[in-house]
Amino acid sequence: MIAQTLDIVTTAAILYAVATGLLLVFGVMKIINFAHGGLMTLGGYAALVTTQAGWNPWLAIPVAALFGGVAGMAIERFVVRPLYARPLDAILATWGLSIIIGQVITIAFGRGVQFTQAPLSGTLDLFGESYSAYRLALVGIAAALGLALTALLQGTRLGLETRAVIMNEDLARGLGINSALVRFLTFTLGAALAGVAGALITPLSSVDPNMGVPWLVNAFMLVLVSGASLLSLLAACLVLGGAQVLVATHFSPVLGGLTIAVLAAVILRIRPKGFARD
Amino acid sequence: MTEARRLSLILAAALLALAAIFAGPTVLDTYSVNVLTRSLLYAAVALTVDLLWGYLGILTFGQSVFFACGAYAAGLVFTHMDFTPGNAALALALGIGAALFTAAIVGWLAFWHGASALYASVITLVLPIVATQLLYSGGTFTGSSSGLSGFTSFDLSTEAWFWLAGSFLVAMTTLAYIVVQSDAGRLLVAVRENEQRCKYLGLNTSRLKIRVYLACAVIGAVAGYIYAAYAMVVAPELAGFVFGTELVIWTALGGRGTLLGPVFGALIVDYESAQLSGNFPFVWQLIIGTVFVLVIVAFPRGLLPMLFDLPRRLLGLLRPRAAVARPARVALATLDAAQTQGAEVGNGPALAVTGVARRFGSLTVLDGIDFKARAGELVSLVGPNGAGKTTLMRCIADGAERSAGTIIVNGHDIGRRPPEACVALGVGRKFQMANVFETLTVAECLQIARARHSRPSLWRRAQRLPLPEAAMHVIATTGLDRQLSTPAHLLSHGLKQALELSMVLALEPRVLLLDEPTAGLTKTERMQIGAILIDLAKKQGLCVLLVEHDLDFVREISSRVIVLHQGRIVLDGSVEEVVASELVKQVYAGSGHAGIAHETAPKTGGQEVPA
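Residues numbered from 1 in each chain as written. Chains lettered and ligands numbered in written order. Predicted model: local features only at pLDDT ≥ 70, side-chain atom pairs only at ≥ 80, totals over all residues. Heavy atoms only, no water.

Chemist: Give a description of the pairing of strand β11 (residues 511–515) of chain B that names residues and reports values.
Modeler: Residue and element names in this part refer to chain B. Across the five residues of β11, five count as buried, placing the element largely inside the fold. Judged by which residues are buried, β11 turns out to be covered on both faces: Val511, Leu513 and Asp515 on one side and Leu512 and Leu514 on the other are all buried. Of the pairings in the sheet, the one linking strand β9 (residues 427–430) to β11 comprises four bridges and is parallel in character. The residue bridging Arg429 from the neighbouring strand is Leu513, located in β11. In this region the chain leaves β11, passes through helix α20 (residues 523–538) and returns to the parallel neighbour strand β12 (residues 543–547); the handedness of that crossover is right-handed. (Buried < 20%, exposed > 50% of the residue type's maximum accessible area, 1.4 Å probe, protein only. Helix = DSSP H or I, 4+ residues; strand = E, 2+ residues; numbered from the N terminus. Pairing = 2+ DSSP bridges. Right-handed = clockwise from strand over helix to strand, strands pointing away.)

Chemist: Just give me the short version of the packing of aromatic side chains, but keep the residues and values in it.
Modeler: Summed over the entire model, instances satisfying the criterion amount to 23 aromatic pairs over all chains. Look at A:Trp95 and B:Phe241: their rings are 4.9 Å apart centre to centre, the planes differ by 65°, and that puts the pair in the edge-to-face class. On the criterion of chain membership, the pair formed by A:Trp95 in helix α4 (residues 87–109) and B:Phe241 in helix α11 (residues 241–254) is interchain, its members lying in two chains. B:Phe241 shares its class with A:Trp95; the two are buried. Taking 6.3 Å as the distance between ring centres and 65° as the angle between the ring planes, the aromatic pair formed by B:Phe243 and B:Trp250 counts as edge-to-face. Side by side, B:Phe243 and B:Trp250 carry an identical accessibility label, which is buried. One aromatic cluster is present, built from ring pairs that chain together B:Phe78, B:Phe83, B:Phe151, B:Phe154, B:Trp161 and B:Tyr230. Note that A:Arg269 overlies the ring of B:Trp108, its terminal NZ or CZ placed 4.5 Å from the centroid. Looking at B:Arg358, its charged tip hangs above the ring of B:Phe360, at a distance of 4.1 Å from the centre. (Phe/Tyr/Trp six-rings, centres within 6.5 Å; stacked < 30°, edge-to-face > 60°. Lys NZ or Arg CZ within 6 Å of the ring centre and 35° of its normal.)

Chemist: Could you give an account of the nonpolar core, with specific residues and numbers?
Modeler: Side chains of a nonpolar character, in soluble globular proteins, are inclined to be buried together. In terms of nonpolar packing, the biggest core is built from 238 residues, with A:Met221 and B:Leu499 touching the most fellow members. Of all the elements, helix α2 (residues 30–55) of chain B adds the most residues to this core, at 16 residues. The contacts of A:Met221, once residues within four sequence positions are left out, are A:Ile260, A:Ala261, A:Ala264, A:Ala265, B:Val122 and B:Val126. In this structure, B:Ala350, B:Val353, B:Ile407 and B:Val409 belong to the second largest nonpolar core, which totals 31 residues. (Core = buried A, V, L, I, M, F, W, Y, C linked by side-chain atoms within 4.5 Å. Contact = heavy atoms within 4.5 Å.)

Chemist: Before we move on, can you summarise the sheet that holds strand β5 (residues 363–373) of chain B with the specific residues and values?
Modeler: Residues and elements named next belong to chain B. One open sheet holds the four strands; their spatial order is β5-β4-β7-β8, and the pairing between them is antiparallel. Since the sheet does not close on itself, it has two edges, and those belong to β5 and β8 (412–413), each with one partner. Strands in contact with helix α15 (residues 389–397) are β4 (351–360), β5 and β7 (404–409); relative to β5, the strand with the most contacts, it is inclined by about 65°. (Axes fitted to C-alpha atoms, helices over the stretch in contact; angles between N-to-C directions.)

Chemist: Could you give me a rundown of the UniProt feature "transmembrane region" (unreviewed entry) in chain B, with the residues and numbers involved?
Modeler: Residue and element names in this part refer to chain B. In the numbering used here, UniProt assigns the feature "transmembrane region" (unreviewed entry) to residues 39–58, 65–83, 89–111, 118–136, 160–180, 212–233 and 282–304. The span residues 89–111 is 96% helix and 0% strand, and its two end C-alpha atoms sit 31 Å from each other. Note that residues 160–180 is 100% helix and 0% strand, and that its end C-alpha atoms are spaced 30 Å apart. (UniProt positions renumbered as here; feature names shortened; annotations may be inferred.)

Chemist: Which residues make up empty space enclosed by the protein, and what values go with them?
Modeler: All names here are of chain A. Throughout the structure, instances matching the rule amount to two cavities of 30 Å³ or more. Reported here for the largest cavity is a volume of approximately 90 Å³. Lining the largest cavity are 14 residues; nearest its centre among them are Pro57, Ala60, Pro119, Ala199 and Pro203. For the lining of the largest cavity, the residue count by class is 10 nonpolar, four polar and no charged. Roughly 60 Å³ of internal volume is contained in the second largest cavity. (1 Å grid on protein atoms, 1.4 Å probe; cavity = no way out; pocket = protein on both sides within 12 Å on 5 of 7 lines; lining within 4 Å. Points joined across faces, edges and corners; volume = space filled by probe spheres on them. Nonpolar A, V, L, I, M, F, W, Y, C, P; charged D, E, K, R; others polar.)

Below, the structure written as structure tokens:
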């Protein structure tokens, strides 16, 4: 019972960390960034390079953010910017980018599965249950990410301008907000977050050139049911991630892997706004 | 060009393609014939992606699943039962049945009234993921991750399979080509261009999408069946997301909305992949990925249209020609008045609105709206911005809009009916901004407006376009009849408004809803429209409901005026009553917030209020 609750909470935390970058980009730009999976792979390999160089595994997180952010800048400038008026085409172009990222990584690192060193190993005793310390740490990291983003959006001038662009871009531009800059920074931040997410999940699984793709669809579905709110994303991660854990343990892992996508599709059919409040 | 000549040209091209297919094995080596047989079948699936995405505007990642339906039906039946002609037919039927069943579920999920284009794409994205996982978890029945192989199949030579696959592709491409060029095929483009306008022209766009989707599923399943019977191996990757996106990539590279582009895109890329991926597997994928991104960003029309444009441009450089106006392909005609009854007239008033309210959360935009209007009346709705005029129009034209109350059109309660069903009851709505099909010509726009009355042909193009007298009158008065082959986006603002009005009139409505039909028009154009409207009400017996800001115009044409203010009717009376009313002046002068009974004197004349 306790183990299952911990499973649900840590799964939700991982999903939250994976989906925030996508949510930010979707919220501001109304564009689904299908390169998110590729950028996560990039973050995973950044973590691999960091630990192979013998650095502290925690350093993987800023390094992955840097890799993702720099790639994001280039992607926004050369691919996403011309496609603002064609959101469905932006999905395709970013999917093409994720193919490119995957192939470049394959050429550089080979197709094989590799493993990184986890920053935390062993287990922690919690409520009489010994549980993976790293998974527990991820809850803290995801919470920190969520709080930092909320603070950025609610507490800074850039955040205010970003929220203005989310609500009404034309009006925001009319008021002198440089929405192109807001979009650029948002995409860069979203890409950096994707990199961080990739670095965070590598100790749980392994690193390979297609590691981001399975995460992409789940993150995408979570974002669609959440609208543009970090809070409803949290709710979506807890409910759908929880359902995934329950289905996987009580029925079959295969069905568990489908839970988020299928449930999200049904939720959107019944309630197009999903978990968003208004 | 006559219809017969056009169709025989298409058939001649198809025969030529078939001849090339039959000559293929004699000039190609065995390896290429083998690879191309697969590519030909993939191309047939890419064709369905183009029909859905290029023509209908539904970006689909899941066409691979229908291919897998046919392939797995063959694989499963031939593995678990004996290979007999009877079982082969059974497998084909099962494959098509499974594809239709899946497509029906997807259609129900993705194309319901109000679903967004993104949501439809999402569903087609979830589909292959679910399908592959189901195949993985099928154990020995589906062969799990290794799939099924080693089953017996039809005993045909390599050449025969090539001919079969090629003939199937040619047949499907020809069929698709004829359909998209036909009157019915134009509806697909209309739905992609402006689905809302289609619904308000009485077309059930959800049903249209589902039908096309089902047809595409069948094509995919047959291609998959041939594939499995030829390759004698099926694997879960056939249903996968990666194959689904590859189909989209081939379609985009070849040129969406061209049919031939995606076919050649699939053939060339898949064939080259087989040739090159042995030596440079990752570099080849990298090149495809890069070219794909480049095409999407810089050449969204794809490579085939560029290829066709190039010689034309070069020729244009050498020999600059003035653009020649295309002669109208369609001749207009006036329908016999006896045939234009519109919806059957029920008892009582043409339009009865009782207790209608519209709330958005806690905000009440309309409240307690009651009025009746007879046939032949021209009722103007006036009121300041935000009074709820357009919202009221929307409530009458779409049963799902209002929060409370009943609306009866021609004696029929509209209930919760969608716009297309309201059109069937006799409602015609003209939008505030001219709302036409921008890339279609004037004649084509009008043809689509008539699609509800005369079922468009699936293979022919009509040469005659009979329109009701009212629509013909608008077209003749405004001079649209001289611009029949002009694309709508090239029309002036006034002509666009006139085009939309004639499209709505082509529906033969009994209740005509017009939202600021004169906004942005010149004085002359306004006079013309005014005269037409009076004529429609007086002579044709239409019940016209008009939203207007121009009070002079209202005074000239209306038989009755309803004044809306803050979501309520504050006055309903004759033109004289309204013009004489202090109340109306106050409402327009903006002193209304605290209560209309205020004694504030109007600051302006209150005659015309800018929109």
